[in-house]
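# Structural features, examined
Single-letter residue listing:
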Amino acid sequence: MKITITTLQGLENVLAKELSDLNLTNITVGNRVVECEGSWAQVYKCNYQLRTAIRVLLPIRNFEIHNEDDLYDAIASIEWKPYIRKKDTLAITAVVFSENFTNSRYVTYKAKDAIVDQLRDNHGYRPDIELKNPDTLIHLFIKNDQLIVSLDSSGQSLHLRNYKERFYKAPLNEVLAAGMIQLSEWDKKKTFIDPMCGSGTLVTEALMYASNIPAGYYIEEFGFERWPEFYPDIFKMVKDNAKEAIHAPEASIHGSDLNSYAVRDSRKNLQKLPFRENVKLFERDLFKLPSLSNCHIMMNPPYDSRIELDDIHDFYNSIGDCLKNFWQGSDAWVFTSRRDAMKSFGLRSTRKFTLDNGGQEAKLYKFELYAGSKKSKHKD
């Protein structure tokens, strides 16, 4: 069957690699989406194991539409009884890029009318609308005059891993954090350090990645579990196989923050996870951390928005100096939307990735930290 998986901009190729590792076929990369083909077991795997997936959609039909009547007729032409049983609840989401349809909320209302009218007229029942936790979630995608109608098998966004108990200021999206770790090509052996850990999203995702804990391990229910066509034995097999692959991590993971509340929240958010003893948390200032060599450093410094700074340019310059002088022999990855402040960083990046951080463009920079000049390093 055809499967469409949404992700954050900049993580499409990471998601495609994950899908290849799960043996999905006919993988095609798009903008914030990857399409593929697979079985029911692989639909369940995609929801349960993918770290960079937002939603796993199963397309039902494609249409060409030009106005609201076309939209209504297209939705009404689908036989909805196999997907929506009597007493099932319903919700509809829409993503719209079209001059003919400028209001996504109106699109959802029109589609809802078409589904409800058809079930009432043809089968004698009317599903209730439940926005928070519906039995069936329909996803509409309209681009220009093309409509794709899909079933959303995830239910809620897959970035909601359900391990977080507390949230400190400006927490990273879990899918974004997992994607950053994979983009950095961490080998799961070097010591992983986040010296500005906040509520601990990076160190928690690093622990899950290093120990092969599935991304959906703590999600209580997926959307597909409420479908008329659900195979619990297959899903149990998927979970059992994934659980057998969990293992103790080889690497040590360190997180630290100047704020004691952030460290408290990080510790609280790790409570559910096995191997949490591999994560060492400290209340420390980045500029007073003991230096280590051959580490994998990843940080998301403040942008001077929700966390205010006296002078962001001086602050970023101090970070660069600290990395250059005390962390030689390691690699550092810095994620920020403040490209202007990065001009004060004082180090030249060797790689860059552009990513979407809550609708704001940000970049992930790689810095190779070594003693002396770059020329002498390569000569050695």
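Relevant structure appears above.
Below you will find a few notes about this structure. (Residues numbered from 1 in each chain as written. Predicted model: local features only at pLDDT ≥ 70, side-chain atom pairs only at ≥ 80, totals over all residues. Heavy atoms only, no water.)

Secondary structure assignment for the protein chain yields 11 helices and 15 strands. Principal-axis analysis of the C-alpha atoms gives the protein chain an extent of 75 × 45 × 40 Å. With 380 residues in all, the protein chain has 51% of them scored as buried. Across the protein chain, every contact between residues at least 6 apart in sequence was considered, and the portion connecting residues at least 24 apart equals 76%. Seen as two clouds, the 51 positive and the 52 negative side-chain charges of the protein chain have centres 5 Å apart. (Helix = DSSP H or I, 4+ residues; strand = E, 2+ residues; numbered from the N terminus. Buried < 20%, exposed > 50% of the residue type's maximum accessible area, 1.4 Å probe, protein only. Contact = heavy atoms within 4.5 Å. Lys, Arg positive; Asp, Glu negative; His and termini not counted. Charge placed at Lys NZ, Arg CZ, Asp CG, Glu CD.)

What follows covers helix 7 (residues 232-244). Compared with an ideal rise of 1.5 Å per residue, which puts 13 residues at 18 Å, helix 7 spans 18 Å between its outermost C-alpha atoms and is within 8% of the ideal. Considered for burial, the residues of helix 7 that qualify are Phe235, Val238 and Ala242. One face of helix 7 carries all of its buried residues, which in axial projection span an arc of 55 degrees. Exposed and facing more than 90 degrees away from the buried side of helix 7 are Asp233, Lys243 and Glu244. (Expected span 1.5 Å × (residues − 1). Arc of directions from axis to C-beta.)

Attention shifts here to the pairing of strand 10 (residues 253-257). Of all five residues in strand 10, five are buried, a share of seventy percent or more. Alternating residues of strand 10 divide into Ile253, Gly255 and Asp257 and His254 and Ser256, and every residue in both groups is buried. Here strand 9 (residues 191-194) pairs with strand 10 via three bridges, running parallel. Residue pairing across strands places Ile193 opposite His254, the latter belonging to strand 10. By the bridge criterion, five bridges tie strand 10 to strand 11 (residues 279-283) in an arrangement that is parallel. Note on strand 11: the bridge partner recorded for Asp257 is Glu283. Tracing the backbone out of strand 10, into helix 8 (residues 260-269) and back to the parallel element strand 11 gives a crossover that is right-handed. (Pairing = 2+ DSSP bridges. Right-handed = clockwise from strand over helix to strand, strands pointing away.)

Let us look at the sheet that holds strand 3 (residues 33-37). Reading across from one edge, 2-3-1-4-8-7-5-6 is the order of the eight strands in this open sheet, with mixed pairing throughout. Since the sheet does not close on itself, it has two edges, and those belong to strand 2 (25-29) and strand 6 (128-129), each with one partner. Inspection of the sheet shows strand 1 (residues 2-6) paired to strand 3 by five bridges, in the antiparallel sense. By the bridge assignment for strand 3, Lys2 is matched with Glu37. Its contacts with the sheet place helix 4 (residues 104-123) against strand 5 (89-97), strand 6 and strand 7 (136-143), and it is angled at close to 140 degrees to strand 5. (Axes fitted to C-alpha atoms, helices over the stretch in contact; angles between N-to-C directions.)

Right, let's get into the sheet that holds strand 12 (residues 295-299). By definition, the strands of a sheet pair up through backbone hydrogen bonds, in either a parallel or an antiparallel sense. Read across the sheet, seven strands follow the order 11-10-9-12-13-15-14 without closing on themselves; strand pairing throughout is mixed. The open sheet terminates on both sides in strands that have one partner only, identified here as strand 11 and strand 14 (351-357). Averaged over all pairs of adjacent strands, the angle between their axes in this sheet comes to 20 degrees, without regard to strand direction. Direction of pairing for strand 12 relative to strand 13 (residues 331-336): parallel, over a ladder of four bridges. Bridge pairing in strand 13 places Ile297 opposite Ala332.

Once that is clear, we can look at the nonpolar core. Generally speaking, a soluble globular protein has its nonpolar side chains buried in company with each other. Of all hydrophobic cores here, the largest spans 61 residues; its most connected members are Met180, Trp186, Ile297, Leu323 and Phe335. Among the elements that take part in this core, helix 6 (residues 201-211) stands out by supplying seven residues, more than any other. Ile297 has contacts with Ile193, Pro195, Leu323, Trp327, Ser330, Asp331, Ala332, Trp333 and Leu369, leaving out every residue within four places of it along the chain. Ranked by size, the runner-up nonpolar core spans 53 residues in total, among them Leu15, Val34, Val56 and Ala114. (Core = buried A, V, L, I, M, F, W, Y, C linked by side-chain atoms within 4.5 Å.)

What follows covers helix 6. In terms of burial, helix 6 is largely enclosed, as 11 of its 11 residues are buried. Among the residues of helix 6, those classed as buried are Thr201, Leu202, Val203, Thr204, Glu205, Ala206, Leu207, Met208, Tyr209, Ala210 and Ser211. Looking at the packing, one finds that the buried side of helix 6 touches helix 5 (174-183), strand 9, strand 10, strand 11 and strand 12. Remark: Asn212 follows helix 6 within two positions and exhibits a positive phi of approximately 65 degrees.

To continue, consider the pattern of salt bridges. Taken as a whole and assessed by the stated rule, the structure comprises 19 salt bridges. Where Asp321 meets Lys324, a salt bridge forms, and the shortest distance between an N and an O atom there is 3.8 Å. Taken together, the residues span about one helical turn, with Asp321 and Lys324 both in helix 9 (residues 312-326) at a distance of three residues. Between Glu361 and Arg339 there is a salt bridge; the shortest N-O distance is 3.7 Å. (Salt bridge = Lys/Arg side-chain N within 4 Å of Asp/Glu carboxyl O.)

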